[in-house]
Structure formats: C-alpha cells, structure tokens
Amino acid sequence: QTGMTTLDYGFVNTAATKSNITYIDGDQGILRYRGYPIEQVAKGLSFLEVAWLLIYGEIPTESELEDFDRRIRRHTLLHEDLKRFFDGLPHQAHPMSVLSSGVSALSTYYQDSLDPTNPEHVEISTLRLLAKMPVMAAYAHKKSVGQAFLYPDNTLSFVDNFLRLNFGTMAEPYEVNPVVSSALERLLILHADHEQNASTSTVRLVGSTQANMFASISAGINALFGPLHGGANEAVLSMLGDIQASGEGVAKYVERVKNKEAGVKLMGFGHRVYKNYDPRAKLVKESADEVLEALGVHDDLLEIAKELEQIALADDYFKERRLYPNVDFYTGVIYKAMGFPTRMFTVLFAIGRLPGWIAHWREMTSDPQTKIGRPQQLYLGHAARDLPTGR
Ligand code: SDX
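It should be emphasised that the depicted structure is a prediction, and the values quoted were computed from it without experimental measurement.

A. Molecular detail of the sheet that holds strand β2 (residues 30–33). Taken together, 3 strands build an open sheet; the order of strands is β1-β2-β3 and the sheet is antiparallel. Looking at which strands have only one partner, the edges of the open sheet turn out to be β1 (22–25) and β3 (36–37).

Right, dumping it as structure tokens:
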C-alpha cells in the first residue's frame, strides 16, 4: 500500500480476510482504528469523527465534519409508514429484534438506494443508516416501556438527539445531562469497530452476495444479539444480579464457573482474539467510576464486578486460559446508571458498531482484495457410500 506503513506479519494467511480499517494485536492488547490507538481516539475524537475515520479512512476536516453532521441530521426522520411499522410489534419484543426488523424494513421504503454498485446509493444508504438507526433504537426502547415515540430534534448533536429520543417524553422538556452525553459518546466510540468479529463478518458475508446495505446491517444486528457476542453486556448484568440475589458471594460463583456447572461462564470475560486485557475494558472501567460518581449513583453491582475481576485475575484457572475482562464486562453498569433498561444494552452496542459495519461493507464491496471469500470447509463426514440395494 503506497504511503502507508504496512505491518509485516512475516507470513501470509491466505484464508484470512484482508482489511485496511482496524488492527488488533490480541497478545499485546492493542486496538487501532485506521492506525490510531483506541486510547487516543476514545478521548480525542467525537463519535461522528470516528465514523468518518472508519468509513472514509482519514480524520475529517472541519468542513467535512460539519457537512457530514448536517447531512445526517437531515435524514433522521422516518417515513410515517415506517414509524407505524413499529406499532405492529408487541411491546414485550426484545429491542434487538425490533431494531433488526426496523433496519431490514428500510429496504422496503428506500428503493432508490439499494444498488451496492452505485456510489450514490451507497452514500445515501450510509447517511440513512447513521441517521435513522439511532431513532429506531430509541423507538425500540419506547416500545418496551409503553411510551410515545418522540420526533428527532435536529438542533441537537448526534448523541444528545439519541438521549432525548430515549429519555424525553411528550409531557415535559428534556435536559441533556453532559456527564451522560460525554460518557455515551466515549462508549459508542469504543464499540465502533473490531475487525472481523462475528457480526462484522456477517455483514461482509451478506454484502458479498450484493445484498443491499440495509439487509446486510440487519443481519449483523442479529449476529450481535447472541449472548456470546454483543448480548454479553446484557448477560453480565444478569450474572451480577444473580450473584447479588444468591447471597452466596463472589468467590462461590467463581468456583461454580471453574467447575463448569451447567455451562456457567464468567460473562464479560474471555475473547477470541484478546489473550490479554481488552484495551477497551480498561477505558470502560475508568468511565464507570467517573460516571457513577458524577451521577451520584452507587451500584453494588459495580463493586461485585470489581471483586469478580480481582478474584479471577489472581486465579490460575483464568490465567491459564488467558481470560480477561472484555469490552462487555463493565459497560452494563454504566448503561444502567444512565437509565437504560438491561435489554437495551446490546442495542447500544449496535449503535456504536454501526460505523464499523458500514465501513467494512463499503470496503468489501469496493476493494477486490478485501472481498470475503466463501468460508472454507474441512470435510469430516462419511466417505462415498451407496444406498442399500433396492432403494
Ligand atoms: C464480544 O470478536 C470480537 O471482537 C467480539 C467483540 C467485538 O467487539 O465485536 O469483542 C465483542 O463479543 C466480546 C465477547 C463477549 N462474550 C462474552 O463475554 C461471553 C463469555 N465469553 C466466552 O463465551 C468466550 O470467552 C468467548 C466466546 C468470548 C471466547 O471464547 P474462546 O476464546 O474461543 O475460548 P473457548 O470458548 O475456546 O474456551 C477456552 C477455555 C474453555 O475451557 P476448557 O474447555 O479449555 O477447560 O476457556 C473457557 C472455556 O470453557 N472459557 C471460559 C470463558 N470463556 C472461555 N470459562 C469461563 N468463563 C468464560 N467467559
């Protein structure tokens, strides 16, 4: 790649998917967006700047950012028929199911932006997703609590508009809490991309058939839903709550995990790639203390989480298996302190991951060397054999 310092792996794993977007070193606990370390990005850029960086490859100029922000605000309104689409879904539906259904339904409304080979279609789909998915996520939240949907307020920033849509009501004006706003901005940035994780690989694979961007992102949302992936942040809160309710103490729970009782796992621990501390988990843990203190919230679940981490990191069972806290371990405590119901946590993960999904979809559909191939298989089944005589 001209003008870019390429990383010398010393080997070429031909089966590996190629990409220019995000780099992870699981042993060193390194994560970089387009070469910039996550520790700098999380504190030095806004979420929309990170979205632009991931999608277009560079940090936006002031005018590029202003125009990007303006174009996104212009697309926040949903078609009224699409808004009514949500009325037909049951209030007890999981917000992730509501979100993936709504995003998939975008394909039925915007027939003018479905051709992945048409750069204008790709651009307008990018803007519509970044603008409308947060609105749909807030509608999924309002649906689950039986409250009326608000209309977006385009005088607000991306994050503040999202917060108002979630927590504002028709009955009174909504005041954004700057602590919540900046903490959510940082959490969205920390989730923005993570190279070939399960949901991103899903988006790339579906997009590789020339399915449109809305359909591909909806597939990614469904992949993220699983408790071993994005659904882990919701599962961590349930786990901490179970420990608290059982009264049996953290050490006892850790013993049950080590005994592999009925599939009991330490949710929010372990990672396919990081065999070291997930750099995002460190930054989230820092935020947890700051946000709860600033909000004047004391949550015993945070103390239980810290005790769990302390015991696990000192225990050979976890050290031998190189199990460390991942991005999902502390996020739920912060989301809860912000006022989000537990079933919205993975939806928040999806909002953060959206720019990464879009960036990978666009890269895969435009850069031949990054196309995702048909997954390879190692056949382990029967050798050739004949049916019984007479069949
Ligand atoms: C995300 O890929 C990404 O980048 C994902 C993500 C992203 O940003 O997109 O980072 C987001 O999905 C983070 C992961 C969230 N999931 C969880 O927190 C769920 C709990 N974690 C695990 O299920 C597990 O750690 C995985 C699936 C995340 C990773 O599993 P691995 O690395 O493939 O490990 P494994 O399943 O092969 O297990 C190796 C050993 C086993 O023990 P032994 O059979 O060798 O005795 O470690 C044990 C496992 O039982 N183990 C755990 C454990 N995770 C692995 N034991 C207890 N608790 C756990 N969490």
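B. Here's a closer look at the environment of T22. The topology assignment puts T22 in strand β1. Judged by its relative accessible area of 11%, T22 falls in the buried class. Distance from T22 to R34, taken between C-alpha atoms, is 5.6 Å for residues 12 residues apart in sequence. Polar contacts involving the side chain of T22 include one to the side chain of D193, which spans 2.5 Å.

C. Broad picture of the UniProt feature "active site" (unreviewed entry) in the protein. With numbering matched to this structure, UniProt assigns "active site" (unreviewed entry) to H271 and D328. A maximum C-alpha distance of 10.4 Å is found for the annotated residues, which run over 58 residues; spatially they form one tight group. Lining residues of the second largest pocket drawn from the annotated set just named are H271 and D328. Here H271 is to be found in the loop between α12 (250–258) and α13 (279–294). For H271, the residues in contact, after removing those within four places along its chain, are H194, D278, R280 and N326. In terms of polar contacts, H271 uses its side chain to reach the backbone amide nitrogen of Y274, at 3.1 Å. With respect to the helices and strands, D328 occurs in helix α16 (residues 328–338). The class of D328 is buried, set by a relative accessible area of 5%. Once residues lying within four places of it in the same chain are set aside, the contact partners of D328 are H229, G230, A232, N233, V236, G268 and F349.

What counts as what
Residues numbered from 1 in each chain as written. Predicted model: local features only at pLDDT ≥ 70, side-chain atom pairs only at ≥ 80, totals over all residues. Heavy atoms only, no water. Pairing = 2+ DSSP bridges. Helix = DSSP H or I, 4+ residues; strand = E, 2+ residues; numbered from the N terminus. Buried < 20%, exposed > 50% of the residue type's maximum accessible area, 1.4 Å probe, protein only. Polar contact = N/O pair within 3.5 Å; in protein donor to acceptor, adjacent residues only side chain to side chain. UniProt positions renumbered as here; feature names shortened; annotations may be inferred. 1 Å grid on protein atoms, 1.4 Å probe; cavity = no way out; pocket = protein on both sides within 12 Å on 5 of 7 lines; lining within 4 Å. Contact = heavy atoms within 4.5 Å.

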